[in-house]
Amino acid sequence: MSIISKALCICLSISTAAGFGQSKVKVGRVTAGPIDISSLGCGTWSWGNKLLWDYDPSQDEEIYRAYRAVRDAGVTIFDTADSYGTLELNGRAEILLGQFERRYQEEISSNKSQTSMFDIGSLLGNADSSSKNNSKQQVATKFAPYPWRITRGSLVQAAKESLKRLEQDKLCVAQLHWSTQNYQPFQEGALWEGIADVYDANLCEAVGISNYGPVQLQKFSERMKEREVPIAIAQVQYSLMTARNNEILDSCNEAGCRLISYSPLCLGLLSGKYDLDNLPRQGNPRRQLFRELLPGAQPLLGTLKAVAKEVNKTPSQVAINWAICKGTVPIPGARNLVQAEENLGAVGWSLSKAAVEELDVASANMDKKMIENIFSTR
């Protein structure tokens, strides 16, 4: 074997051992207000959540493998919140996001140094192969409007605390987790001014909102325009189980922001993995919810499975792709490598118009849809 051949084998072994170069999926980019984000994101609600997702710190290594897989594929936008994490684990998702990205960049640097001697990218005829996807992580964190956050300064302080957990200098998007309009309207004004102050303090690139309906989004947008603060995203619970008319999408277009669809798999119900004989564990709130929703969801699930079989994809991948076809950026969660790869299988192709319409009809004809988030507003 020649010296160059041996060198090639060594470099390939190093790259494979490090887990690099294994993703063949490439996630695209879309605009979100003044910024560009990946067309598929990753939600981190489950990272630290014991109640719904049975999180335990021993899972962190497997979660990192999922993180590395989606980063390799080009996912950059990660949705999180300062309230993500159960009790003593509050803020855990932000901590992990910071740790994971630092580790990811360190592994990229290490891989580069190990292979640079032989310039494996050139040997393989691909100048970018050794650098992989080195695009910047984009953290979009949400600040909970806790009852004690009644001043605009409390939002700026919340942003600083999130950045401390992330060990970063600036957020991509600073978001309001929900509106207080329905139960404590006097707090809303302080929250809006506070999130704008976060932008003015150069602590984020843009702002966003979560669980706002079209009416409240319009009001928020008008105030941000007055403050000259750009809005990047608005996120709502959006899936085949919650599908509504295009009013929220139209409002996002008017506000110049991108709709983020959270829970695109409806807490896993649309994955096709559950039925009345196979429910989440006892004590998990999803168990009773699924027991109530599954009977009426059978026609939709049947259509979902039929479409999935037709396009040679899984029900989860079809459900996520449907959300992409609607112009949203879905942010399914991933707690292990299998889930990450499943989610990534939803990109790089598109459902036909006929398939989207078929799913739309099945969704619209459901007798009982997924319950709305209690903090959602009009």
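All of these numbers come straight from a predicted model, not from anything done at the bench. (Residues numbered from 1 in each chain as written. Predicted model: local features only at pLDDT ≥ 70, side-chain atom pairs only at ≥ 80, totals over all residues. Heavy atoms only, no water.)

Moving on: the environment of Gly 74. By secondary structure assignment, the location of Gly 74 is in the loop between helix H3 (60–72) and strand S4 (77–81). Taking C-alpha positions, Gly 74 is 6.9 Å from Ser 38, a pair spaced 36 residues apart along the chain. (Helix = DSSP H or I, 4+ residues; strand = E, 2+ residues; numbered from the N terminus.)

Turning to helix H9 (residues 247–255), a few remarks are in order. Ile 248, Leu 249, Ser 251, Cys 252 and Ala 255 are the residues of H9 that are buried. Seen from one end, H9 has its buried residues packed into an arc of 160°, which puts them on one side. With respect to the buried face of H9, the exposed residues turned more than 90 degrees away are Asn 253 and Glu 254. Its buried side turned inward, H9 meets helix H8 (214–227), strand S8 (231–237) and strand S9 (258–262). (Buried < 20%, exposed > 50% of the residue type's maximum accessible area, 1.4 Å probe, protein only. Arc of directions from axis to C-beta. Contact = heavy atoms within 4.5 Å.)

With that out of the way, let us pick up the packing of helix H7 (residues 185–200) against H8. The contact between H7 and H8 brings their axes to 11 Å, and the two run at 45°. In terms of their interaxial angle, H7 and H8 are classed as oblique. In the crossing of H7 with H8, the sense of the turn from one axis to the other is right-handed. The segment H7 lies against H8, with Glu 188, Trp 192, Glu 193, Ile 195, Ala 196, Asp 197 and Asp 200 engaging Gln 216, Lys 219, Phe 220, Arg 223, Met 224 and Arg 227. Class assignment for the residues of the contact of H7 with H8 results in five nonpolar, one polar and seven charged. (Axes fitted to C-alpha atoms, helices over the stretch in contact; angles between N-to-C directions. Parallel < 35°, antiparallel > 145°, perpendicular 65-115°, else oblique. Left-handed = near helix turned anticlockwise from the far one by under 90°. Nonpolar A, V, L, I, M, F, W, Y, C, P; charged D, E, K, R; others polar.)

For the rest of this paragraph, the subject is the packing of helix H6 (residues 152–166) against H7. Angle between the axes and distance between the axes: these two values describe a pair of packed helices. Interhelical geometry of H6 versus H7 gives an angle of 45° and a closest axis separation of 7 Å. Taken together, the axis directions place H6 and H7 in an arrangement best described as oblique. Judged by the twist between their axes, the crossing of H6 over H7 is right-handed. Only Ala 190, Leu 191, Glu 193, Gly 194, Ile 195, Asp 197 and Val 198 of H7 make contact with H6, whose side of the interface consists of Arg 152, Leu 155, Val 156 and Ala 159.

This part takes up the sheet that holds strand S5 (residues 138–143). With respect to topology, eight strands assemble into an open sheet ordered S3-S4-S5-S6-S7-S8-S9-S10, the strand pairing being parallel. Two strands lie at the open edges of the sheet, namely strand S3 (42–43) and strand S10 (329–330), each paired on one side alone. In this sheet, S10 lies alongside S9 in parallel orientation, the contact comprising two bridges. Its bridge partner lying in S10, Ile 260 is registered against Val 329. (Pairing = 2+ DSSP bridges.)

Bringing the packing of aromatic side chains into the picture now. Overall, the coordinates contain twelve aromatic pairs when judged by the stated rule. Seen in terms of ring centroids, Tyr 212 and Phe 220 are 6.0 Å apart; in terms of plane orientation they differ by 65°. Their pairing is edge-to-face. Given a relative accessible area of 2%, Tyr 212 falls into the buried group. Taken together, the aromatic side chains of Trp 47, Tyr 64, Tyr 67, Phe 78, Phe 100 and Tyr 104 make up a single cluster linked through ring pairs. Positioned over the ring face of Tyr 64 is Arg 103, at 4.0 Å from the centre of the ring. (Phe/Tyr/Trp six-rings, centres within 6.5 Å; stacked < 30°, edge-to-face > 60°. Lys NZ or Arg CZ within 6 Å of the ring centre and 35° of its normal.)

Phe 220, Met 241, Leu 269 and Leu 270 are the most contacted members of the largest nonpolar core, which totals 96 residues. Ranked by residue count, the leading element in this core is helix H10 (residues 285–311), at ten residues. What Leu 270 contacts, discounting residues up to four positions off in sequence, is Ser 239, Leu 240, Met 241, Pro 264, Leu 265, Leu 300, Leu 301, Leu 304, Pro 315, Ser 316 and Ala 319. Counting 15 residues, the second-largest nonpolar core is a separate cluster that includes Ile 77, Cys 172, Ile 233 and Ile 331. (Core = buried A, V, L, I, M, F, W, Y, C linked by side-chain atoms within 4.5 Å.)

In this section: the side chain of Arg 149. Turning to its location among the elements, Arg 149 is positioned in the loop between S5 and H6. The residues contacting Arg 149, other than those within four sequence positions of it, are Asp 82, Phe 143, Ala 144, Ser 154, Ala 158, Glu 161, Gln 187 and Leu 191.

Before going further, it helps to examine the pattern of salt bridges. Applying the stated rule across the entire model yields 20 salt bridges. In this structure, Glu 107 and Arg 103 form a salt bridge, with 3.2 Å as the shortest nitrogen-oxygen distance. Of this pair, Glu 107 and Arg 103 both sit in helix H4 (residues 92–115), four residues apart, which is roughly one turn of that helix. Judged by its relative accessible area of 30%, Arg 103 is partly exposed. A salt bridge links Arg 227 to Glu 193; the nearest nitrogen and oxygen atoms lie 2.6 Å apart. Separated by 34 residues along the polypeptide, Arg 227 in helix H8 and Glu 193 in helix H7 bring together distant segments of the chain. Overall, the relative accessible area of 17% leaves Glu 193 in the buried class. Overlapping salt bridges, with partners in common, bring together Arg 152, Glu 193, Asp 197, Asp 200, Arg 223, Glu 226 and Arg 227 in one network. (Salt bridge = Lys/Arg side-chain N within 4 Å of Asp/Glu carboxyl O.)

Within the fold, Arg 92 resides in helix H4. A polar contact of 2.5 Å, which involves the side chain of Arg 92, links it to the side chain of Asp 60. In contact with Arg 92, not counting residues within four places along its chain, are Trp 47, Gly 48, Tyr 55, Pro 57, Asp 60 and Tyr 84. (Polar contact = N/O pair within 3.5 Å; in protein donor to acceptor, adjacent residues only side chain to side chain.)

Extensive coverage of S9 is indicated by the burial of five of its five residues. Both faces of S9 are covered, namely the face carrying Arg 258, Ile 260 and Tyr 262 and the face carrying Leu 259 and Ser 261. When S8 meets S9, the two strands line up parallel, connected through five bridges. Its bridge partner being in S9, Val 236 is matched across the sheet by Ser 261.

Further remarks concern the confidence of the model for the protein. With 88% of its residues at a pLDDT of 70 or more, the protein shows a mean pLDDT of 89. pLDDT under 50 marks residues 120–125. Its contacts with residues more than four places away, or in other chains, come to 14 contacts. This model gives residues 127–134 a pLDDT under 50, and the stretch forms 23 contacts once residues within four places in sequence are excluded. (pLDDT = per-residue confidence, 0-100.)

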